[in-house]
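Breakdown of the fold
Listed below, chain by chain, are the residues.
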Amino acid sequence: MTAEIAASPGSPAAVAAEALRLVGSNPSRAIALADEVIAAAGEHPLAASAAWRARGIAHRELHQLDAALEDMGHAIRCAEVAESRQAIAEAQMTLVSVHAERGEMRQALAVSEHAAAGLRGAPAARMRVQRGAMLCRLGQFTEAMDEFRAALPVLKRAGDEVWEARTLENRGNARAYLGELREADADLRRAETLFLGTGHQLYAADAVWNRGFVAARFGDVPLALTHFDTAEARYAEQGVPAPEILLDRCDVLLSAGLHAEALSSAESALETAGSTRTSLEAEAYLALAQAALAAGDRPRAREAAREAVEMFTAQDRQSWATVARYVLLRCEDTTAATEEALREALSTADDLAKAGWLVQELDARIIAARIALRRGDTVRGRYQLEQASGAKRTGPMEVRTRAWHAEALLRLAGGDRSGAERALRAGLRALDQHRATLGATELRVHAAVHGEELAKLGLQLALADGAPVKVLRWVERWRAGALRYRPVRPPDDSVLADLLAELRRISAREEQKRLNGQQPQGLRKERLAIEREVQTRVRHAIGDRARLGASSMAISPEVLASSLGARALVEFLAFSGQLMAVTVHRGRVRLHELGSAAAAQQVLAEIRFALRTVAVGATDAIRSAARTLLERQASNLDARLLGPVIAALGDAELVLVPSTTLHDVPWALLPSCTGRPVSVVPSATLWDRANAAPGPIPGGRVTLVGGPGLANGYEEVRALAASYPTATLVANGDATVAGVVTALDGASVAHIAAHGTVRADNPFFSALQMHDGPLTVFDLERLAAPPALVVLPACQSGVTVARPGDEILGLSAALLALGTRSLLATVAPVPDHGTMELMLALHERLRAGEAPAYALAAAQKAVLSSADPDTFAAAAAFTCFGAGS
């Protein structure tokens, strides 16, 4: 309120003052109080002006900008009737922020200059803060800092803690953009404290949200997500929409490599912004362009970026328009290497540098350098790479990995190949250090996207040299890196446990509705909402950089050869459309060309189809025809994948490291593998770790689990229990998730007969069905001591979902990452009636002391010739993962 109003208790002036006080904590209540004043103001135009201003601020907080603009017109007119220059200026000051929110920067600047002429003291300082905030929107952060520097001491002397806090908050944002991240966080922490102390919970939520933005600039993804979730919960309590958080969340998700979720977040922000041509809508189009580009949808990214450029230009937000131009630059095909493309890349890079967009600037300089070098312009190419490589040891991980990439390209341009390789390895070390600070396996997996260009270039150099050892080093340096770390969970996380219990309850109700022939749409929405809460909770876990030790490093070829002994390793890779394999046997490393990756994929697709048909075909004739096709195509795939290499390996036990597209090959069907002990692993590094882990303890605890709904599941575990008289049997109503997790923890051997589901959309919710609902990857990650040997005869229990960086997610990947030594699981649907014979034969051999891969190979060979399609399909589906001997 202004000092010109005499505010006796209950008077219009007092009620208007209360409405102004509430705009930062309860905007809906503030509007209601303001309406009371407006309806009864009568002879009190000054009180009416204050009420209209409170109404306008509240509507601005609720993102109802048309209403806010109309309110401020009324506030100014009432102040003019009251002939109060200060009230007019204060209303204009609020109008500045409304125009800025609407993207009307020219109008905002004009109003601010006019209003400033009528203000002195603290009101003038508040106007400087508004002007500084507007300059931040324009990308003029240095000029904004001048405004905040001038305003802050005046507001402190006036004892205006609310506006002191607003100054600190805006200064914190400016500092974040200027790279002063620690100072920015300090400003925002102080602002939050002041807002809470004055009862302005919504403004405090703004400060927390902005702390999330600063954490994201630091590269601290878990902390950023924690701040965003805290702020969003506070907004939700007040019924206030928070589209800006969706935009910042999009940025963080992109930095974590979660492209699909980032795209969804950008789409939600754009939907919330509506077709208003506001500053928020422009930023939403930019976020959409960035997310679409990351997700591989260049046409959509190009369209959204052009829309963003047009809007930012119309709003005089040239700094933001430059970022949108950068996205357009990345959308274009730069292989043409025209002078026009080079000029645009150079201009964009320079403009990004001026505006302080460091990550984007480095990318633009690398693009410009590549165009220049393709044109033979080594002077400009090398200069751009020199500029980009300067940030190798400073800033967030995104900046350092890009800078090391530029350094590698610079050294290559100078003919220094070994120096280029050292730079690439340094960039990947920066990524490793970053991943060590991420507690959630999911975030570690998706962070791999930041090292993709580094690893591809390293592999390209190794292949060009035709050096098998170097190829192996680079493949291992990159492959399944996230699984080398154990996931971090807070001890006894009761909130996560409650969320997972609620998820099981809803999933059970959803399944029951389906069984009753009903559509469980409402329950599905509930389930997806709970799944999002679980992921949110898990992503808050923070890792420990100190945990980055030898166990998380890629294995060297020399150590690998020693660990393999008489075994033979075959590591597959796909590069530029071609399949290749690196073999390691008796100390010798070889590189083999295998032919078209697409052709092998087509054969594998036919194998998957045929194996599924054998398992679930409608008639005996259909299943028989499918089996014939399956056996023919298995021989075809064998010739493509192993034919060129198997002669040099003799009859050695095989350790296979598939590329991401080959992880669900039914290896036992391939003639070269039938009857031969075979182990499949995400990487040679993980095989070595599993091989070094202790195996099942003779006489150790055995856990047998029988889940619900299997035709022979209970009979299977009962039959096995007869062979393991001291086993822990968990079946029927006892087979709850909690009961099963307890029984698994610390067991030596576990056999879980249960229905399995694979969630390609969200592999962390791939699950085994228990009596009370799904046992998910998140449940498994809570095990302190997973069993050394796990047998999972569930359908597709060994199927994984691929992510960039040859990273994989799923039940089998989770168990191997936790420390399980050997896992026997399926890569295809398994008939309920088909597993009994194979499982009894398998366990008989395991009890006799045979290693898992040997026991499985012998048991499979004995039944693969069976005429019964159920038995054949079950035997064909099983694979040994991890260390097989």
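Note that the structure is a prediction, hence the values are computed from the model and not measured. (Residues numbered from 1 in each chain as written. Predicted model: local features only at pLDDT ≥ 70, side-chain atom pairs only at ≥ 80, totals over all residues. Heavy atoms only, no water.)

Looking only at helices and strands, the chain features 39 helices and 16 strands. A globule of 885 residues ought to have a C-alpha radius of gyration of about 29 Å, and the chain, at 32 Å, matches this closely. Dimensions of the chain, computed from C-alpha atoms along their principal axes, come out at roughly 100 × 70 × 50 Å. Looking at the chain as a whole, 60% of its 885 residues qualify as buried. Counting only contacts in the chain whose residues sit at least 6 apart along the sequence, the fraction spanning at least 24 positions is 70%. Looking at the chain as shown, the accessible area adds up to about 33400 Å², and 50% of this sits on carbon and sulfur atoms. Here the chain holds 96 positive side-chain charges and 103 negative ones, and the gap between their average locations is 5 Å. (Helix = DSSP H or I, 4+ residues; strand = E, 2+ residues; numbered from the N terminus. Rg over C-alpha atoms; globule rule 2.2 N^0.38 Å. Buried < 20%, exposed > 50% of the residue type's maximum accessible area, 1.4 Å probe, protein only. Contact = heavy atoms within 4.5 Å. Areas by Shrake-Rupley, 256 points an atom, 1.4 Å probe, with all protein chains shown as cover. Lys, Arg positive; Asp, Glu negative; His and termini not counted. Charge placed at Lys NZ, Arg CZ, Asp CG, Glu CD.)

Turning our attention to the packing of aromatic side chains. Summed over all chains, the structure comprises six aromatic pairs. Their ring planes at 75° and their centres at 6.5 Å tell us that Tyr 177 and Trp 320 sit as a pair that is edge-to-face. Of the two residues, Tyr 177 sits in helix H9 (residues 161–177) while Trp 320 sits in helix H17 (residues 318–331), which places them 143 residues apart along the sequence. For Tyr 177, a relative accessible area of 16% gives the class buried. For Trp 320, a relative accessible area of 12% puts it in the buried group. Three or more aromatic residues link up through ring pairs in this structure, and these residues are Phe 141, Tyr 177, Phe 213, Phe 312 and Trp 320. When the ring centre of Trp 163 is taken as reference, the NZ or CZ atom of Arg 166 above it lies at 4.5 Å. Here the guanidinium or amino end of Lys 392 rests over the ring plane of Trp 404, the centre of that ring lying 5.6 Å away. (Phe/Tyr/Trp six-rings, centres within 6.5 Å; stacked < 30°, edge-to-face > 60°. Lys NZ or Arg CZ within 6 Å of the ring centre and 35° of its normal.)

Looking now at helix H32 (residues 684–692). Across the nine residues of H32, seven count as buried, placing the element largely inside the fold. Listed as buried for H32 are Ala 684, Thr 685, Leu 686, Trp 687, Asp 688, Ala 690 and Asn 691.

One can describe the packing of helix H29 (residues 597–616) onto helix H39 (residues 869–877) by two numbers: an axis separation of 8 Å at closest approach and a directional angle of 140°. The angle between the axes of H29 and H39 places the two elements in the oblique class. Where H29 crosses over H39, the two elements pack in a sense that is left-handed. Across the interface between the two elements, Leu 611, Val 614 and Ala 615 of H29 pack against Pro 869, Asp 870, Phe 872, Ala 873 and Ala 876 of H39. (Axes fitted to C-alpha atoms, helices over the stretch in contact; angles between N-to-C directions. Parallel < 35°, antiparallel > 145°, perpendicular 65-115°, else oblique. Left-handed = near helix turned anticlockwise from the far one by under 90°.)

Quick look at the environment of Arg 60 now. As for its position among the elements, Arg 60 is in helix H3 (residues 45–61). Placed 434 residues apart in sequence, Arg 60 and Ser 494 show a C-alpha to C-alpha distance of 38 Å. Those residues in contact with Arg 60, other than ones at most four positions away along the chain, are Leu 65, Ala 68, Thr 94, Ser 97, Val 98, Glu 101, Gln 130, Arg 166 and Tyr 203.

Moving on to unusual backbone geometry. Notably, Glu 83 is not glycine yet its phi reads approximately 55°, a positive angle. Within the secondary structure, Glu 83 is located in the loop between helix H4 (65–81) and helix H5 (85–101). On the basis of relative accessibility, which here comes to 72%, the residue Glu 83 falls in the exposed class. Positive phi outside glycine occurs at Ser 576, with the angle close to 50°. Following the sequence through the fold, Ser 576 ends up in the loop between strand E1 (568–575) and strand E2 (578–585).

For the rest of this paragraph, the subject is the confidence of the model for the chain. In the predicted model, the chain carries a mean pLDDT of 85, and the fraction of residues at 70 or more is 90%. Low confidence marks residues 1–6, where pLDDT is under 50. Its contacts with residues over four positions away, or in another chain, come to 18 contacts. Taken as a whole, residues 544–552 scores under 50 in pLDDT and shows 17 contacts with residues more than four places along the chain or in a different chain. (pLDDT = per-residue confidence, 0-100.)

What follows deals with the pattern of salt bridges. All told, the structure shown has 45 salt bridges when counted by the stated rule. Note that Asp 229 is salt-bridged to Arg 249, the shortest N-O span being 3.0 Å. Residue Asp 229 is located in helix H12 (residues 221–237), and its partner Arg 249 is located in helix H13 (residues 243–255); the two are separated by 20 residues in the primary sequence. Just as Asp 229 is buried, Arg 249 falls in that class too. Linking Arg 380 and Asp 377 is a salt bridge whose minimum nitrogen-to-oxygen distance equals 2.6 Å. Using a relative accessible area of 32% as the deciding quantity, one classes Arg 380 as partly exposed. Where salt bridges share partners, they join Asp 185, Arg 189, Glu 192, Arg 211 and Arg 234 into one cluster. (Salt bridge = Lys/Arg side-chain N within 4 Å of Asp/Glu carboxyl O.)

Attention now goes to the nonpolar core. With 98 residues, the main nonpolar core has Phe 572, Leu 637, Trp 667, Met 770 and Leu 842 as its most contacted residues. The element contributing the most residues to this core is H29, with nine residues. If near-sequence neighbours (up to four positions away) are discounted, Phe 572 is found in contact with Arg 479, Met 580, Ala 581, Leu 594, Leu 641, Leu 642, Leu 656, Val 657, Pro 658, Ser 659, Leu 662 and Trp 667. (Core = buried A, V, L, I, M, F, W, Y, C linked by side-chain atoms within 4.5 Å.)

Before going further, it helps to examine H12. Between its first and last C-alpha atoms H12 spans 24 Å; for 17 residues at 1.5 Å apiece the expected length is 24 Å, and the two agree. For H12, the full list of buried residues reads Val 221, Pro 222, Ala 224, Leu 225, His 227, Phe 228, Asp 229, Ala 231 and Tyr 235. Phi for Gly 239, located one or two positions after H12, is positive at around 70°. (Expected span 1.5 Å × (residues − 1).)

The next point concerns the sheet that holds strand E9 (residues 756–757). Spatially, E9-E10-E11 is the arrangement adopted by the three strands of the open sheet, whose pairing is antiparallel. Only two strands of the sheet have a single neighbouring strand rather than two, namely E9 and strand E11 (773–776). Strand direction decides the pairing type here: strand E10 (residues 767–770) and E11, joined by four bridges, are antiparallel. Bridge assignment links Met 770 to a residue of E11, and that residue is Gly 773. (Pairing = 2+ DSSP bridges.)

On to the packing of helix H20 (residues 378–388) against helix H21 (residues 397–413), then. The description of two packed helices rests on the angle between their axes and on the distance between the axes. Here H20 crosses H21 at 145°, and the two axes come no closer than 8 Å. For the element pair H20 and H21, the recorded crossing hand is left-handed. Residues Arg 382, Leu 385, Glu 386 and Ala 388 of H20 lie in contact with H21, whose contacting residues are Ala 403, Ala 406, Leu 409, Leu 410 and Ala 413. Within the contact of H20 with H21, the residues separate by chemical class into seven nonpolar, no polar and two charged. (Nonpolar A, V, L, I, M, F, W, Y, C, P; charged D, E, K, R; others polar.)

Turning our eyes to something else, we now look at the pairing of strand E12 (residues 789–792). Burial along E12 is two-sided: the residues Leu 789 and Val 791 and Val 790 and Leu 792 are all buried. Sheet topology note: the strand E8 (residues 749–753)/E12 ladder contains three bridges and is parallel. In the sheet register, His 751 faces E12, and the bridge partner there is Val 791. Examined bridge by bridge, E12 and strand E15 (residues 822–826) share four bridges and lie parallel to one another. In the sheet register, Val 790 faces E15, and the bridge partner there is Leu 823.

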